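# Understanding the architecture of this molecule
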Amino acid sequence: MNLKVNIAGVELKNPVMSASGTFGSGHEYSELTDINRLGAVVTKGVAFEPWEGNPTPRVTEVYGGMLNAIGLQNPGVDVFIERDIPFLRKFDTRIIVNVCGHTVEEYCKVVERLNGQDVDAYEINLSCPNVKQGALAFGQDPKVLEETTAAIKKVAAKPIIIKLSPNVTSIRDMALAAEAGGADAISLINTLIGMKIDIERRRFVLANKTGGFSGPAIKPVALRMVYEAAHAVKLPVIGMGGIACAEDAIEFLLAGASAVAVGTMNFADPRTMEHVAEGIEAYLKRHGLEDVRELIGAADA
Amino acid sequence: MKRKENARVCGINELAPGIFSLWLESSMAAEAKPGCFVGVYPKNGAHVLMRPISICDVNAQKTQLRLVFRAAGEGTKEISGLRVGEEVALLGVLGNGYDTQAMQGKKLLLLGGGIGIPPMLLLAKELSDAGISCNAVLGYADRNDFLRDEFDNVCRTYVATMDGSLGTKGTVIDALNENMLMADICCACGPMPMLKAVKGFAADCGMKAYLSLEERMACGVGACLGCVTKTAHPDPHTHVNNTRICVEGPVFDASEVLL
Ligand SMILES: Cc1cc2nc3c(=O)[nH]c(=O)nc-3n(C[C@H](O)[C@H](O)[C@H](O)COP(=O)(O)OP(=O)(O)OC[C@H]3O[C@@H](n4cnc5c(N)ncnc54)[C@H](O)[C@@H]3O)c2cc1C
Ligand SMILES: Cc1cc2nc3c(=O)[nH]c(=O)nc-3n(C[C@H](O)[C@H](O)[C@H](O)COP(=O)(O)O)c2cc1C
Ligand code: FES
């Protein structure tokens, strides 16, 4: 049976990876789950310099999910290269580095710095809702998204995956813009913008007032957007948003995703990704299928 | 090693209105240090995040651990409804905990405010077992106290209540002043205004202070960067003076954190 999938020339041993920002650089979860069983680890966003992030409270639970406004706290690309790449290389998995920046130049500088390093691909976060200047701004205007993608593609020595925001009017237009800019793949969805108010204190729960909404509650929206994006472009799609089990992941594959990422549900059970990978295999067996790729986009066949 | 594992309920009772004591049979008891906590998962799938609760006590065989918590919102209310024999999923053991070895030969003062009282019990027991002398000051809102007799069994215990119905009227700091309590080291857990006051008090009298901090958490293991607090020096993870309470804490040297 074949579980391997190919994302822009990068072969993954199975289609399951971590969603950026929920799995650190793997280190923190390495005693809780077997990283060797993941198709890839997608790291927390890496910027050129260290970012402090937002004031707290940064996270809270909401019905069937959570809100976060971390604000991309990260130690910057140099620490990432020294500390995190050698750690991740000990495992038999692919390394996809999530890249963030305030300006096009910053994204390019991170990518250039990583070009000579032992990593497999870049996921470009053009969709973070929690950073005042930049990030989401690049991801909400198709023209800006196309130009930014093109600028990063020009300097990137590895495949680039453009991560799309769901906070747009037409996800099709954004997917097409990424393709036109030269993206090698797209991933979606990043978080929806949400809010929670503590009625006893009459205050916003998050210091940032708004936060990115993720978890099982967003799955139907994510699935619809993955379907629309996958049908708009020829690029491989990495689908995510609320995946909690193999059945959820299979829905994303059937909608047109070539691979899936698990985010929030790692917090509910650190072994969710292992269970998803095992469950996909069991599903293929049960349905007499030989190859996971037979599922990709099959809902429309 | 950190793990997610089911634990079996072996006892649950209400100590004071809305305050529950839960004994769980869990292999994690063997690794529990005072100040450490576990994540308790509500069963209702609408709750995706664990509830961080401090380890309040461990039995002599180290096969059971005890959590004492307030039924605050939906998650902890569900947990307070657990029955003997039922299973509940735990993530643990989380956090750094207190280093009682380093306290040998010192005089200790333990300060607990409200739902910050429970973690101080395991600390008091370990100190007393190690022959380290300590006093405890417990602050409650009113006469609905809890765990007080258990502290009395292991150390000299003072009480403060906001409404004056028991002990000193006022805060734990008022009780410290009234009883002229001094020590080499004080350890405190409670609401933020209390921790700020303890930090100031300790600095004024040149006492070393350790504070147990609280913040909203998602992962509990250092991966999401949700639970940070501002620090005086660069933090070990990101080097931006924002350190993770779930890993580098929850216990911090008061002079290291900017509250
Ligand atoms: C390290 C640590 C140790 C703790 N130890 C204890 C203890 O021993 N006894 C005890 O009664 N309480 C303790 N708390 C507080 C306890 O975690 C919260 O009361 C509990 O999470 C509330 O959950 P809920 O579902 O009832 O409330 P809700 O308000 O419905 O919870 C919504 C979300 O906010 C989070 N949340 C709400 N209040 C807090 C809070 N004060 N701190 C952190 N997260 C919060 C919840 O975990 C959940 O994700 C501790 C907190 C931390 C961080
Ligand atoms: C705490 C947290 C931090 C996140 N940080 C990042 C990030 O650094 N970069 C990024 O591209 N997406 C980030 N995301 C978004 C996730 O990667 C994912 O797109 C989203 O959460 C939807 O998937 P889920 O419902 O499985 O969590 C973060 C999400 C969460 C919950
Ligand atoms: S709760 Fe995720 S880093 Fe502390």
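What you see is a predicted model; the values in this text were computed from it and never measured. (Residues numbered from 1 in each chain as written. Chains lettered and ligands numbered in written order. Predicted model: local features only at pLDDT ≥ 70, side-chain atom pairs only at ≥ 80, totals over all residues. Heavy atoms only, no water.)

A few words on the packing of aromatic side chains. Inspection of every chain in the model, using the stated rule, returns five aromatic pairs over all chains. Arranged with centres 5.4 Å apart and planes meeting at 85 degrees, the rings of A:Tyr107 and A:Phe138 form a pair that is edge-to-face. Of the two residues, A:Tyr107 sits in helix α2 (residues 104-114) while A:Phe138 sits in helix α3 (residues 136-139), which places them 31 residues apart along the sequence. For the pair shown, A:Tyr107 and A:Phe138 are each scored as buried. Their ring planes at 25 degrees and their centres at 6.0 Å tell us that B:Phe20 and B:Phe69 sit as a pair that is stacked. Within this pair, whereas B:Phe20 is found in strand β2 (residues 19-25), its partner B:Phe69 is found in strand β6 (residues 64-70), the two being separated by 49 residues in sequence. It is B:Lys4 that lies over the ring of B:Tyr41; its NZ or CZ is 4.5 Å from the centre. (Phe/Tyr/Trp six-rings, centres within 6.5 Å; stacked < 30°, edge-to-face > 60°. Helix = DSSP H or I, 4+ residues; strand = E, 2+ residues; numbered from the N terminus. Buried < 20%, exposed > 50% of the residue type's maximum accessible area, 1.4 Å probe, protein only. Lys NZ or Arg CZ within 6 Å of the ring centre and 35° of its normal.)

On the surface, a cluster of nonpolar side chains totalling about 400 Å² of accessible area is made up of A:Met195, A:Ile197, A:Ile199 and A:Phe204. Relative to the assigned elements, A:Met195 resides in strand β11 (residues 192-195). (Patch = residues over 30% accessible without salt bridge, like charges linked within 9 Å, V, L, I, M, F, W, Y side chains within 5 Å. Areas by Shrake-Rupley, 256 points an atom, 1.4 Å probe, with all protein chains shown as cover. Salt bridge = Lys/Arg side-chain N within 4 Å of Asp/Glu carboxyl O.)

As a further point, take the pairing of strand β9 (residues 134-140) of chain B. Residue and element names in this part refer to chain B. Across the seven residues that make up β9, a large majority, seven, are buried. Burial along β9 is two-sided: Cys134, Ala136, Leu138 and Tyr140 and Asn135, Val137 and Gly139, pointing in opposite directions, are all buried. Bridging between strand β8 (residues 108-113) and β9 involves six bridges; their strand directions are parallel. For Leu110, the partnering residue across the bridge sits in β9 and is Ala136. In this view, the connection linking β8 to its parallel neighbour β9 by way of helix α2 (residues 118-129) has right-handed handedness. Where β9 meets strand β10 (residues 156-161), six bridges bridge the pair, whose relative direction is parallel. (Pairing = 2+ DSSP bridges. Right-handed = clockwise from strand over helix to strand, strands pointing away.)

Residue and element names in this part refer to chain A. Among all positions of helix α5 (residues 171-180), only Ile171, Met174, Ala175, Ala177 and Ala178 are buried. Buried residues in α5, looked at end-on, bunch into an arc of 160 degrees, giving them a common side. At the C-terminal side of α5, Gly182 shows a positive phi close to 100 degrees. (Arc of directions from axis to C-beta.)

Residues and elements named next belong to chain B. For chain B, the assigned domains are domain 1 (3-94) and domain 2 (100-214). Put simply, the middle of domain 1 and the middle of domain 2, counted by C-alpha atoms, are 23 Å apart. Counting from both sides, the interface comprises 15 residues of domain 1 and, opposite them, 14 residues of domain 2. Buried area between domain 1 and domain 2, summed over both chains or domains, comes out near 1,200 Å², and the portion from carbon and sulfur atoms is 67%. Of all residues in domain 1, Pro34, Cys56 and Asp57 give up the largest surface area on contact with domain 2, accounting jointly for 36% of the area buried on that side. A salt bridge links Asp57 to Lys125; the nearest nitrogen and oxygen atoms lie 2.7 Å apart. (Domains from an automatic or database assignment. Contact = heavy atoms within 4.5 Å. Buried area = accessible area lost by both parts, 1.4 Å probe.)

With that settled, consider the side chain of A:Ser25. Residues and elements named next belong to chain A. Secondary-structure assignment places Ser25 in the loop between β3 (16-18) and β4 (40-42). A polar contact of 3.0 Å, which involves the side chain of Ser25, links it to the side chain of Asp84. If sequence neighbours within four positions are ignored, Ser25 has contacts with Thr43, Phe80, Asp84, Phe87 and Leu88. (Polar contact = N/O pair within 3.5 Å; in protein donor to acceptor, adjacent residues only side chain to side chain.)

So, on to the sheet that holds β11(A). All names here are of chain A. Here we have four strands laid out as an open sheet, ordered β5-β6-β14-β11, and antiparallel in their pairing. The outermost strands of the open sheet, each flanked by one partner alone, are β5 (59-62) and β11. Ignoring which end each strand starts from, the neighbouring axes of this sheet average 40 degrees apart. Across three bridges, strand β6 (residues 65-68) lies against strand β14 (residues 210-214) in antiparallel orientation. (Axes fitted to C-alpha atoms, helices over the stretch in contact; angles between N-to-C directions.)

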